[in-house]
Every structure is written in structure tokens, then in C-alpha cells.
Amino acid sequence: MKLFLDSANLGEIKDALDGGMILGITTNPSLLAKEPKGSYLAHMETIVSLLKKDRRGLSLSVEVFSDKPNEMVKQAREFVKKLKYKNLAVKIPVSFRGQSYLGVVRQLSEDGIIVNCTACMTPLQLSMAAAAGATFVSLFYNRVRDGAKETEYEAARKEMLERKDIEPADFNPNNILREARALLAPYQKAEIIAGSIRSVLDVKEAGLAGAHIVTASFKTTKATLAHFKTDHAVGNFLKDFQKWIE
Ligand code: E4P
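Treat the numbers as computed from the prediction; the structure is a model and nothing was measured.

Cut-offs applied
Residues numbered from 1 in each chain as written. Predicted model: local features only at pLDDT ≥ 70, side-chain atom pairs only at ≥ 80, totals over all residues. Heavy atoms only, no water. Salt bridge = Lys/Arg side-chain N within 4 Å of Asp/Glu carboxyl O. Helix = DSSP H or I, 4+ residues; strand = E, 2+ residues; numbered from the N terminus. Buried < 20%, exposed > 50% of the residue type's maximum accessible area, 1.4 Å probe, protein only. Near = heavy atom within 4 Å. Polar contact = N/O pair within 3.5 Å; in protein donor to acceptor, adjacent residues only side chain to side chain. Areas by Shrake-Rupley, 256 points an atom, 1.4 Å probe, with all protein chains shown as cover. Nonpolar A, V, L, I, M, F, W, Y, C, P; charged D, E, K, R; others polar.

Undergrad: Pulling in residues and values, what's your account of the pattern of salt bridges?
TA: Considering all chains together, one arrives at 17 salt bridges under this definition. A salt bridge links aspartate 111 to arginine 77; the shortest N-O distance between them is 2.6 Å. Remark: arginine 77 occurs in helix H4 (residues 69–83) and aspartate 111 occurs in the loop between helix H5 (102–110) and strand E7 (114–120); sequence separation between them is 34 residues. Measuring nitrogen to oxygen at the nearest pair gives 2.9 Å for the salt bridge that ties glutamate 159 to arginine 163. Given a relative accessible area of 47%, glutamate 159 falls into the partly exposed group. Residues joined in a network through salt bridges with shared partners are Arg145, Asp202 and Glu205.

The structure is reproduced here in C-alpha cells:
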């Protein structure tokens, strides 16, 4: 399992790269909206410059901000042209209000653009995105769980369950990951990213359930490495050595 950082914050990105904790970065328009107002592309260019300075060529996912397929294709091409970054993945949502975006995924993939098909909530969405050519397919781990209990979606949930579009186990993200790995077996190049991660235990469970990559906030990413007994052991080594050389 690889750990990515889910952030558009330049300070966090720099610290996570310097700390050697992450092997890629995912962003989305909501994460960018937490940053000071400015140009979307200029901000992404700064992230690319940090990645270039890092020199490992880590993956960066940048999302389109349109619901129209032709606009998405245009934006994706512009990202590729302006950002000039070999490991740039363009994030395309799997669908929106009944409209499929897998045609966009296929078109961009055929053009040689790396696609991260995002906002997936079911094993079938993940496997269809991979079949359409996506290199990365993103499952929103905790948002799936939220979907089982949010009262505002009670009617939609009931309708999907009654129509047998989903079953109760489809609200368990670990189950989704296990099933998706089986369904994705023919699409060797596709990697599952588990996003919408809220704790260190989510990172571990998503990885064990089959996510190739887990993308988490800076806080969670940092917390994966912290342990009070590690601090105790390292503190003692330093203290004992200091006593010995004095
Ligand atoms: C993943 O690619 C998304 O950026 C992200 O993890 C969304 O999750 P959240 O908004 O529920 O945290």
C-alpha cells in the first residue's frame, strides 16, 4: 500500500515531501477552495514546482471543475499543456445526476492522459472506470459509510436498495475494496485509491482490504508515524548516549 497526501495546501505538501511520508498527492476543487483565492492553474503550477524540486516524479491528481464532458476534455488538455508534468493525473468524476463521464475517461486515456476516475462509491463504478481506461480509480471510503445513515438521503438510499442497485454490504467500504479487487483483476494497470480517509485506522483497514493507494490529510498522514512508545524509545537512546559521552 502507498500513502498519498490529500491536500492543496502548499505548506502541508512541502512538509509531507520533506518528511518522506508520501508517494503522491491528490487534490480536488473543494481542497483548493480552502486556500487563498487565486488562479487554479497557478496554484497547481506551484505544487508541480514543489514536486519537481523533490525529484522523485511523484503522482499528482488535479480535478476538472465542470459538469460538461466537452469542457472536461478541454480543461484536462489545458492542465497537461500548462503543467507539463509527466505524472499528472486528471481527475474525472465517474458520473453526475445520471450522466456518465466514462466517455471522457476513455477519450483522455486514448490520448495518453493519465486519468484518476473519482467520486466512486461502489465496486461496479470502480471496475467500469478501470475498464474505460482509468489508471487510478478513487473510492470515497468514509462518504460511502456516511451514505448508510444520512437522513437527507433516506429516500434515495431506499430506492437504490429496493431496485437492487446496491445491497447493505455496499455501505461497507472494506467490503467494496475486496470486491473491487476481484472485479478489477482483468485491468492490471488500474490502481484503487481510497480517499475520504478520517483516521489512521482507516488507512490500515483500507490498505488491508485491497486499496493500492490510500490518500489522507496531512494530520492523518503525520499521525501514521507517531507512537508514544517510539518517542519513549528514541528519547531514551538520546538521553543514554548523552550521559555516556559527557
Ligand atoms: C480523494 O481523491 C478526494 O480528494 C478526497 O479524499 C475526498 O474526501 P473527503 O472530502 O470526504 O475528505
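The discussion continues.
Undergrad: Can you lay out the site of the ligand for me, pointing to particular residues and giving the numbers?
TA: Within the structure, the ligand sits among Asp6, Asn28, Lys91, Phe140, Arg143, Gly195 and Ser196. Separating an oxygen atom of the ligand from a side-chain N or O atom of asparagine 28 is a distance of 2.7 Å. Here an oxygen atom of the ligand sits 2.8 Å away from a polar atom, N or O, in the side chain of lysine 91. Considered on its own, the ligand offers 340 Å² of accessible surface; in the complex 83% of this is hidden by protein. Split by residue class, the shell around the ligand holds one nonpolar, three polar and three charged.

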